[in-house]
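Overview (structure and organization)
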Amino acid sequence: MASETKNTFALEKQYVLQTYARAPFVLDHGQGCWLYDTEGRAYLDCAAGIAVNALGHADPELVATLVEQAGKLWHVSNLFHTAPHARLAQQLCDTSFADRVFFANSGAEANEGAFKFARKWAHDHFGADKSAIVAFTGAFHGRTFGALAATPREKYQAPFRPLLPGVRIAPFNDLEGTAAVMGDDVCAVIVEPVQGEGGIHPATPEFLQGLRALCDRHHALLIFDEIQCGLGRTGYLWAHQGYGITPDLLTAAKPLAGGLPMGAILMTQQVAEVMHVGEHGSTFAAGPLVAAVAEKVVRRVADPAFLADVRAKGEYLMERIEELNSPHITEVRGRGLMIGVDLDIAAADVIAAGHRHGLILINAGTNTLRLVPPLIISRGEIDLLVERLRAVLAEL
Ligand SMILES: *Cc1c(COP(=O)(O)O)cnc(C)c1O
């Protein structure tokens, strides 16, 4: 093992807070859908940094944009105007239901902002008692206190109680169960149109349409968390497009700046109107460096031909996985290039074996493999992914 590899393991083990179970190699560089470690081994990337690197690694246009902007201006704070940030906001509104955008630096932070805007909207129009938030079983909205309260996993929540009060959990894809916890004291309902961390579970069209109706009946805002499923992942720019309804707020993050940290809250004018100067803010958000890169990502990903290609490749990958006919696979589901593969064995074992076969895989729950490769993956690379997965499953 190279001394650089050993050194990195040793330093991480001694100095970094031990909250992550990292893969047993050190990544050094990447190109397209490929990652290379410090021992010179190549891996086909089927994780994209957790559904982040939509355009893969070292994309020439993103690199050129970054380098050019880095030589001009990195950061000035939101006390000043910069052009990339304003243009990016226009792009996001032009390609969605939204009238205005607020930028953040991560997914959790975008959801925190959405909760604050929903509470402010309810305070202004109905008074302070309308403050409850409804979220769902299996949801993941982030690790900060508000987002964590809407992420009903004991392991994540238990050590940190008390969480943000006023969050109710309803059963996902169950309208009757949701209606039972709705009331006029609810200011917002937050849902992932396709649940990611919870195991790749798409919401049914009837469920999303029913939530829209429930929110309208109770004068509550509907928030779509498209942090993982948005921005082309499902083969639609926004995962809810095609369901015939729109939310009042939408949160985006993971792929937004192609791997640089950035989040966004998209909203209608009726929500935007309640927020005034000084009521919310961020030091770093939408600085010219990340915003310039995000503009390029959004332009490429929003191209109808690019999205059609994601849909076609997603169908192809799904078919090829079904053809594997592995006795270990119990179900395959998903939308576009967001695919969950349920296994009768631990996903962790498949992931570890995948490393030996040159595959970077991630899970979504104990028994579900999550395939979220860069959206630029080629059909040849999909074939290779499936062949390597076949070898991995045969070995276990
Ligand atoms: C990853 C994720 C988040 C949290 O994003 P961070 O950038 O890790 O804070 C929130 N919601 C969904 C659906 C996610 O997938």
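Since the model is a prediction, treat every value here as computed from it, not as a measurement. Along each chain, numbering runs from 1 in the same order as the chain's sequence is written. Confidence filtering applies because this is a predicted model: local features only for residues at pLDDT of at least 70, side-chain atom pairs given and counted only at 80 or more, and all residues used for totals across whole chains, interfaces and linings. Side-chain measures here rest on the full set of heavy atoms in the structure, leaving out hydrogens and waters.

This brings us to the side chain of Asp-248. Helix and strand definitions follow DSSP, with helices as H or I runs of at least four residues and strands as E runs of at least two, each counted in order from the N terminus. With respect to the helices, strands and loops of the structure, Asp-248 is situated in the loop between strand 10 (221–225) and strand 11 (249–252). Throughout, exposure labels follow a simple rule: accessible area from a 1.4 Å probe, protein chains only, divided by the maximum for the residue type, with under 20% read as buried, over 50% as exposed, and the rest as partly exposed. Under the relative-accessibility criterion, Asp-248 is labelled buried at 7%. Polar contacts, as counted here, are pairs of nitrogen or oxygen atoms within 3.5 Å of one another; within protein the pair requires one atom able to donate a hydrogen and one able to accept it, and residues that are adjacent in sequence qualify only if both atoms are side-chain atoms. Within the structure, Asp-248 has its side chain in polar contact with the side chain of Arg-212 (distance 2.9 Å). Excluding residues that lie within four positions of it along the chain, Asp-248 makes contacts with Phe-97, Arg-212, Ala-220, Leu-221, Leu-222, Leu-266, Met-267, Thr-268, Gln-270 and Val-271. Whether two residues are in contact is decided by their heavy atoms: any pair within 4.5 Å suffices.

Right, let's talk about the site of the ligand for a bit. The environment of the ligand is made up of Ser-106, Gly-107, Ala-108, Asn-111, Phe-140, His-141, Gly-142, Glu-192, Asp-225, Ile-227, Gln-228 and Lys-254. Between an oxygen atom of the ligand and a main-chain N or O atom of Ala-108, the distance comes to 2.8 Å. Asp-225 is positioned with one of its side-chain polar atoms (N or O) 2.7 Å from a nitrogen atom of the ligand. For the ligand, the protein covers 81% of the area, taking 380 Å² as the surface of the free molecule. Per-element tally for the shell around the ligand: the top contributor is helix 5 (residues 107–126), with three residues. When residues are grouped by polarity, Ala, Val, Leu, Ile, Met, Phe, Trp, Tyr, Cys and Pro land in nonpolar, Asp, Glu, Lys and Arg in charged, and all others, Gly among them, in polar. Classifying every residue of the shell around the ligand gives three nonpolar, six polar and three charged. Note on terminology: near, applied to a residue and a molecule or strand, indicates that one of the residue's heavy atoms is within 4 Å of it. In these tables, accessible area is a Shrake-Rupley quantity obtained with a 1.4 Å probe, and a residue counts as shielded only by the protein chains included in the view.

Moving on, we come to the nonpolar core. Residues belong to one nonpolar core when they are buried, are Ala, Val, Leu, Ile, Met, Phe, Trp, Tyr or Cys, and are joined through side-chain atoms within 4.5 Å. Grouped together as the largest cluster of nonpolar side chains are 85 residues, with contacts concentrated most on Leu-92, Phe-103 and Met-262. Throughout, the edges of the domains are those of an automatic or database domain assignment. No fewer than three residues from each of domain 1 (3–58 + 304–395) and domain 2 (73–301) sit in this core. Once you skip the residues sitting within four places of it in the chain, Leu-92 turns out to touch Val-101, Phe-103, Trp-238, Leu-256, Ala-264, Leu-266 and Val-298. Core analysis: the second largest hydrophobic core is formed by 29 residues, Ile-133, Phe-140, Ala-150 and Tyr-156 among them.

Here we come to the layout of surface pockets. A pocket here means an open set of points on a 1 Å grid, computed over the protein atoms alone, that has protein on both sides within 12 Å along at least five of seven lines. A cavity is instead a set of points where a 1.4 Å probe fits but cannot get out; residues with an atom within 4 Å of a point line either one. Grid points are joined across faces, edges and corners, and a volume is the space filled by probe spheres set on the points. Estimates place the volume of the second largest pocket at around 870 Å³. Counting residues per element, the ones that place at least two in the lining of the second largest pocket are helix 4 (83–94) and strand 4 (100–104). When residues of the lining of the second largest pocket are assigned to their parent elements, the largest contribution, four residues, is made by strand 4.

This brings us to helix 4. Taking 1.5 Å of rise per residue, the 12 residues of helix 4 would be expected to cover 16 Å, and the 17 Å separating its terminal C-alpha atoms lies within 8% of that figure. Those residues of helix 4 that fall on the buried side of the exposure criterion are Pro-84, Leu-88, Ala-89, Gln-91, Leu-92 and Cys-93. As for helix 4, its buried residues are in contact with helix 3 (60–70), strand 4, strand 12 (263–267) and helix 11 (288–301). Here, expected helix span is obtained from the residue count minus one, scaled by 1.5 Å.

Pairing between strands requires that DSSP locate at least two bridges from one strand to the other. Across the sheet, seven strands lie side by side as 4-12-11-10-7-5-6; this open sheet has mixed pairing. The open sheet has two free edges, formed respectively by strand 4 and strand 6 (167–170), since each of these has just one partner strand. Looking at each pair of strands side by side, their axes are set apart by 20° on average, direction ignored. Pairing analysis gives three bridges linking strand 10 to strand 11, with the strands arranged parallel. If you follow Phe-224 over to strand 11, its bridge partner there is Leu-250. For every element, the axis is a line fit to its C-alpha atoms; helices are fit only across the contacting stretch, and the angle between N-to-C directions ranges from 0 to 180 degrees. Where helix 5 meets the sheet, its contacts fall on strand 4, strand 5 (132–136), strand 7 (186–191), strand 10, strand 11 and strand 12, and the angle it forms with strand 7 comes to roughly 155°.

It is worth spelling out the side chain of Asp-37 at this point. Assignment of secondary structure puts Asp-37 in strand 2 (residues 34–37). Owing to a relative accessible area of 3%, Asp-37 belongs among the buried residues under this scheme. Among the polar contacts listed, one links the side chain of Asp-37 to the backbone nitrogen of Glu-39, at a separation of 2.9 Å.

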